[in-house]
Amino acid sequence: MNTLANILAPENLLSSPPTLAPRFLEPAGLRWGRFPSASGASLRWSYLAPATDGPAINCVLVGGFTEFIEKYFETMRDLARRGIGVWCLEDRKSTRLN
């Protein structure tokens, strides 16, 4: 019988997290930081430099209220390959306040 207790039993759980496709992993060279807002909240940002030299083109990705930077790894990597620097900023509601 597949009861919740049986499903959650230690012997039935994964011993390691599932592997993710490389496109979902943090891009090489991604820089992270935080800056304080006027209200004192600490907002997370990230920056991925363009993979090619060329004109200074930058893109700023700002997600919705519950989105987080890690969701955009694939998009950031794709834009950087096309010669675009990518800045990403989390909204205050999605920022982890530590």
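Counting restarts for each chain: residues are numbered from 1 in the order of the written sequence. Confidence filtering applies because this is a predicted model: local features only for residues at pLDDT of at least 70, side-chain atom pairs given and counted only at 80 or more, and all residues used for totals across whole chains, interfaces and linings. Heavy atoms from the whole structure form the basis of all side-chain values; hydrogens and water molecules are not counted.

All right, on to helix H2 (residues 73-81) then. Note on exposure labels: buried denotes an accessible area under 20% of the residue type's maximum, exposed denotes more than 50%, and partly exposed covers the range between, all computed with a 1.4 Å probe on protein chains only. Labels follow the DSSP assignment, with helices taken as runs of H or I lasting at least four residues and strands as runs of E lasting at least two, numbered in each case from the N terminus. Listing the buried residues of H2 in full gives Phe73, Met76, Arg77, Leu79 and Ala80. Down the axis of H2, the buried set is contained in an arc of 165°. They therefore lie on one face. The contact definition used throughout considers only heavy atoms, calling two residues in contact when any of these lie within 4.5 Å. Where H2 is buried, its residues meet strand S1 (31-36), strand S2 (42-48), strand S3 (58-62) and strand S4 (85-89). Positive phi shows up at Gly83, right after H2, with a value of about 90°. Each C-beta atom gives one direction from the helix axis, and the arc is the one those directions make.

Attention shifts here to the packing of aromatic side chains. Pairing of aromatic rings covers Phe, Tyr and the six-membered ring of Trp, with a centre-to-centre limit of 6.5 Å; geometry is then stacked below 30 degrees between planes, edge-to-face above 60, and tilted otherwise. The full count for this structure, using the stated rule, is 3 aromatic pairs. Between Tyr47 and Trp87, the aromatic rings sit 4.3 Å apart at their centres with planes inclined by 35°, giving tilted as the arrangement. Placement of the pair is Tyr47 in strand S2 and Trp87 in strand S4, with a sequence separation of 40 residues. Take Tyr47: its relative accessible area is 14%, and that puts it in the buried class.

So far we have only geometry, and geometry alone does not tell us how the molecule works.
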